[in-house]
Amino acid sequence: MKILVPVKRVLDYTIKARAKADGSGVELAGLKMSLNPFDEIALEAAIRLKEVGQATEVVALSCGDAMVQEGLRTALALGADRALWVSSTEELQPLSVAKLLHAVVLREIPTLVICGKQAIDDDANQTGQMLAALLNWGQATNAAEIQVGEGRVDVVRETDGGTETLRLILPAVITTDLRLNEPRYATLPNIMKARKKPIETLTPEELGVTVEPRLKTLRVQEPPQRPAGVKVDSIATLLARLKNEAKVI
Amino acid sequence: MENRILLVAELGPDGHLKSSLRSLLTAAKFLKGDIDVLVWGGDTTSAVVEAQHLPGIRQVLNGSGPTLADGLAEMLCALVRPLARQYTHILTAATTIGKNWMPRLAALEDVAMVSDIVGVESSDTFIRPIYAGSIWATVCCPEPLKLMTVRTTAFPGTEGEGRDPVPVENLPCPAALLQSTRIAVQAHVQEGRPSLENARVVVSGGRGLGSAEHYEALLGPLADELNAALGASRAAVDLGYASNDVQVGQTGKVVAPDLYIAIGISGAIQHLAGMQTSRVIVAINKDPDAPIFAVADYGLVGDLNVLVPELTAALRK
Ligand SMILES: Cc1cc2nc3c(=O)[nH]c(=O)nc-3n(C[C@H](O)[C@H](O)[C@H](O)COP(=O)(O)OP(=O)(O)OC[C@H]3O[C@@H](n4cnc5c(N)ncnc54)[C@H](O)[C@@H]3O)c2cc1C
Ligand SMILES: Nc1ncnc2c1ncn2[C@@H]1O[C@H](COP(=O)(O)O)[C@@H](O)[C@H]1O
């Protein structure tokens with residue numbers, strides 16, 4: 001069983017994003033970029049399936065400009081067997097990414113695609129579901145547990161009301177939630193080895209996909225800030241304030 | 001051109017309409033046009049009647065039947081897709097259900113989708129948070145069919161009832177698809193407490209609670225005193241203090257109660273993303289520099305093991 005894991009390189013989760021002063025975009029210059037945390041979890045899930053002999057190959061894939069190759073190097077260091085780069089300098093929105101992934105799936109014929117549930121930059125939470133639609137495959141989002149069986153996969157998914165277990169006929173698309181696993185760290189020797197591994201390059205043209213962005217971001221800004229609060233020195237003061245000033249109790 | 005708007009409702013486990021539909025109604029009013037409501041589920045009997053009495057809508061569409069009972073994305077797409085192009089806008093709440101099926105429909109219809117809107121500027125321009133809510137983007141969606149999930153906490157629910165019940169159109173229940181089936185459900189309910197989505201007060205605990213026993217023993221009585229729902233940070237959920245469905249934040253639930261009390265929570269940006277639009281925020285933390293204090297209206301520095309029982313006792317008086 002081959003598993004395809006789409007990974008995105010995003011602003012590191014520890015860094016608070018800022019809008020550019022003119023509102024034209026998000027300030028990214030010189031800031032630390034990392035693999036999307038959900039994609040690390042997706043990779044980890046795929047690698048573990050390989051380690052227990054349920055998967056034969058893990059292919060990492062990233063779409064974007066030359067910088068996304070950094071993310072692919074990390075994926076290789078973590079244990080992906082191969083890396084594919086779909087090279088494009090266009091702004092890639094979820095529908096475009098899904099179409100690129102769809103085209104790659106038709107070439108690679110994986111049995112399972114494991115995506116992150118959302119990229120923590122655009123917070124869209126769309127791509128995996130869109131890919132499943134284009135492929136007419138079943139989907140299980142927000143996976144907390146994955147169990148592969150004969151011709152099927154059972155996925156425990158996190159829902160607003162608790163959890164539920166879906167049984168998907170393979171091939172299928174899964175998206176990962178935070179509690180699926182705890183990703184490993186790449187070791188230094190593996191990072192060195194990954195530097196030498198080849199990255200296969202494709203273009204949207206070769207894949208026959210137009211990646212024109214459909215949504216237009218008119219401006220970005222920081223949301224209204226809450227006015228600074230106060231520290232109170234006792235429970236009694238807190239309760240008095242909540243009663244008389246805030247009037248919430 | 002007059003807009004034609006479809007709101008896709010959700011039912012609670014009790015078969016009643018969730019109040020989130022009234023927030024969708026508020027968002028839809030900004031779009032101006034005819035509003036239809038689609039109710040779906042295994043048994044929609046009471047929800048359809050409730051929907052018929054909503055103010056300002058044109059008609060109710062009813063998709064009821066066994067294949068819709070589990071809310072599978074594949075089935076919901078099969079239900080909505082035949083109608084989709086009759087509408088200019090389709091809105092649903094940004095819940096784990098809405099986020100699951102709507103992008104699938106978008107790809108089937110080859111339209112881009114707008115996730116998690118918190119504002120409507122015009123019938124094609126919307127505001128949505130990105131980067132864990134650190135940034136708001138104003139996005140223009142030129143698609144002829146605009147699909148959007150709505151962050152319902154950003155839109156206060158439309159109150160009231162319509163004068164006469166609106167007509168209902170029954171939709172054919174789609175045939176079962178084999179791609180996916182639901183084989184188990186593990187529902188989690190907060191015994192005797194309001195749900196996180198609807199609670200007026202939320203008491204939330206983090207890693208500072210130290211153990212599952214402490215989480216329950218300290219926060220439970222406080223929540224009961226305030227008729228509050230319990231919430232948690234991701235750390236508290238990961239450590240097993242609380243169940244996953246009460247995680248508040250970028251990747252959990254977004255809540256905006258009148259009062260949010262954060263106890264032993266540091267205030268990581270991913271947590272703030274889920275609660276910073278609460279009306280009043282209280283934080284209890286032993287670290288005076290914890291980032292949670294930057295968003296807290298009232299901060300109390302000290303040991304939660306002392307302060308929380310004291311607070312509960314003071315409320316009892
Ligand atoms: C992709 C991604 C998504 C995430 N999504 C979410 C999300 O949706 N929601 C979320 O919450 N987090 C999320 N996180 C995690 C987030 O970054 C933080 O790690 C998490 O919120 C920390 O939880 P905490 O505040 O409970 O723990 P900590 O940061 O460890 O804070 C514990 C606090 O308790 C205080 N404390 C300890 N003992 C006491 C005491 N005796 N009395 C008083 N105070 C005490 C400490 O001073 C400290 O401030 C996400 C992270 C990633 C990478
Ligand atoms: N540019 C990209 N390249 C590869 N995978 C991506 C890209 N963008 C998104 N994805 C995948 O889709 C998931 C969801 O992204 P999104 O729909 O943008 O929130 C991510 O976690 C990745 O697995």
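The shown structure was predicted, so the numbers you read here are calculated from the model rather than taken from an experiment. (Residues numbered from 1 in each chain as written. Chains lettered and ligands numbered in written order. Predicted model: local features only at pLDDT ≥ 70, side-chain atom pairs only at ≥ 80, totals over all residues. Heavy atoms only, no water.)

Draft legend 1. Region of interest: the pairing of strand E16 (residues 298-301) of chain B. As paired strands, strand E13 (residues 230-232) of chain A and E16 of chain B are joined by 3 bridges and run parallel to one another. For Lys231 of chain A, the partnering residue across the bridge sits in E16 of chain B and is Gly299 of chain B. In terms of strand pairing, strand E15 (residues 280-285) of chain B meets E16 of chain B through 4 bridges, oriented parallel. Looking at the pairing, Ile284 of chain B lines up with Leu300 of chain B of E16 of chain B. (Pairing = 2+ DSSP bridges. Helix = DSSP H or I, 4+ residues; strand = E, 2+ residues; numbered from the N terminus.)

Draft legend 2. Looking closely at the site of ligand 2. Residues and elements named next belong to chain A. With respect to spatial proximity, 18 residues lie near ligand 2, and among them Pro6, Asp39, Ala119, Asp122 and Thr127 are the closest. Between Pro6 and ligand 2, the recorded distance is 2.8 Å, taken from a backbone N or O atom to an oxygen atom. Cys63 has a polar backbone atom sitting 2.9 Å from a nitrogen atom of ligand 2. Contributing elements (two or more residues each) for the shell around ligand 2: strand E4 (57-64) and strand E6 (112-116). It is E4 that provides the largest number of residues to the shell around ligand 2, a total of 3 residues. A breakdown of the residues in the shell around ligand 2 according to their chemical character gives 8 nonpolar, 7 polar and 3 charged. (Near = heavy atom within 4 Å. Polar contact = N/O pair within 3.5 Å; in protein donor to acceptor, adjacent residues only side chain to side chain. Nonpolar A, V, L, I, M, F, W, Y, C, P; charged D, E, K, R; others polar.)

Draft legend 3. Seen up close, the interface of chain A and chain B. Between chain A and chain B, the residue contacts involve 75 residues of the former and 84 residues of the latter. Between chain A and chain B, a total of about 6,700 Å² is buried, with carbon and sulfur atoms accounting for 53% of that surface. Per-residue buried area on chain A facing chain B is highest for Asp160, Arg226 and Ile235 of chain A; these three make up 12% of the total on that side. Taking the shortest distance from any N to any O, the salt bridge between Glu164 of chain A and Arg182 of chain B comes out at 2.9 Å. In this assembly, chain A and chain B are joined by 51 residue pairs in polar contact (both at pLDDT 80 or more). Elements represented by at least two residues in the side of chain A that touches chain B include exactly helix H3 (94-108), helix H4 (127-135), strand E7 (138-149), strand E8 (152-159), strand E9 (162-169), strand E12 (216-221), E13 and helix H7 (235-245) of chain A. Among the elements that take part in the side of chain A that touches chain B, E9 of chain A stands out by supplying 8 residues, more than any other. Looking at the side of chain A that touches chain B residue by residue, the class counts come to 33 nonpolar, 18 polar and 24 charged. (Contact = heavy atoms within 4.5 Å. Buried area = accessible area lost by both parts, 1.4 Å probe. Salt bridge = Lys/Arg side-chain N within 4 Å of Asp/Glu carboxyl O.)

Draft legend 4. Quick look at the site of ligand 1. All names here are of chain B. Taken together, 30 residues lie around ligand 1, and Arg207, Ser233, Ser266, Gln270 and Asn285 are the ones closest in. Take Val248: an N or O atom from its main chain is 2.8 Å from a nitrogen atom of ligand 1. Take Lys286: an N or O atom from its main chain is 3.1 Å from a nitrogen atom of ligand 1. Taken by itself ligand 1 offers 990 Å² of open surface, and the protein chains cover 85% of this. Residue composition of the shell around ligand 1, by class: 10 nonpolar, 15 polar and 5 charged. (Areas by Shrake-Rupley, 256 points an atom, 1.4 Å probe, with all protein chains shown as cover.)

Draft legend 5. Structural context of unusual backbone geometry. Residue and element names in this part refer to chain A. Of note, the bond from Leu170 into Pro171 is cis; its omega dihedral lies within 30 degrees of zero at 0°. Structurally, Pro171 can be placed in the loop between E9 and strand E10 (172-176). With a phi close to 60°, Asn136 is a non-glycine residue in the positive phi region. Residue Asn136 is classed as exposed on the basis of its relative accessible area of 54%. (Buried < 20%, exposed > 50% of the residue type's maximum accessible area, 1.4 Å probe, protein only.)

Draft legend 6. Representation of the domain arrangement of chain B. Residue and element names in this part refer to chain B. By the assigned domains, chain B splits into domain 1 (3-170) and domain 2 (201-316). Look at where the C-alpha atoms of domain 1 and domain 2 centre, and you get two points 31 Å apart. The interface is formed by 5 residues belonging to domain 1 together with 7 residues belonging to domain 2. Taken together, the two surfaces of domain 1 and domain 2 that pack against each other cover about 530 Å², and 56% of this comes from carbon and sulfur. The largest share of the area that domain 1 buries against domain 2 comes from Ala132, Arg151 and Thr153, three residues that together contribute 77% of it. Taken together, the links from domain 1 to domain 2 amount to 0 salt bridges. The interface formed by domain 1 and domain 2 includes 0 residue pairs in polar contact (both at pLDDT 80 or more). Counted by class, the side of domain 1 that touches domain 2 contains 1 nonpolar, 3 polar and 1 charged residues. (Domains from an automatic or database assignment.)

Draft legend 7. Layout of the sheet that holds strand E6 (residues 119-122) of chain B. Judged by pairing direction, the sheet is antiparallel, and its 4 strands sit side by side in the order E12(A)-E8(B)-E7(B)-E6(B) without closing on themselves. Strands at the two margins of the open sheet, each flanked by one partner only, are E12 of chain A together with E6 of chain B. Taken pair by pair, the neighbouring strands of this sheet meet at an average axis angle of 30°, ignoring direction. The sheet contact formed by E12 of chain A and strand E8 (residues 135-140) of chain B spans 5 bridges and is antiparallel. Note that in E8 of chain B the partner of Gln221 of chain A across the bridge is Trp136 of chain B. (Axes fitted to C-alpha atoms, helices over the stretch in contact; angles between N-to-C directions.)

Draft legend 8. Fine view of the packing of helix H5 (residues 212-226) of chain B against helix H8 (residues 304-316) of chain B. Residue and element names in this part refer to chain B. Between H5 and H8, the shortest axis-to-axis distance is 9 Å and the interhelical angle comes to 25°. Relative to H8, the element H5 is oriented roughly parallel. Crossing geometry of H5 relative to H8 is assigned as left-handed. Contacts from His214, Leu218, Leu219, Pro221, Leu222, Glu225 and Leu226 of H5 reach H8 at Leu304, Asn305, Val308, Pro309, Leu311, Thr312, Leu315 and Arg316. A breakdown of the residues in the contact of H5 with H8 according to their chemical character gives 10 nonpolar, 3 polar and 2 charged. (Parallel < 35°, antiparallel > 145°, perpendicular 65-115°, else oblique. Left-handed = near helix turned anticlockwise from the far one by under 90°.)

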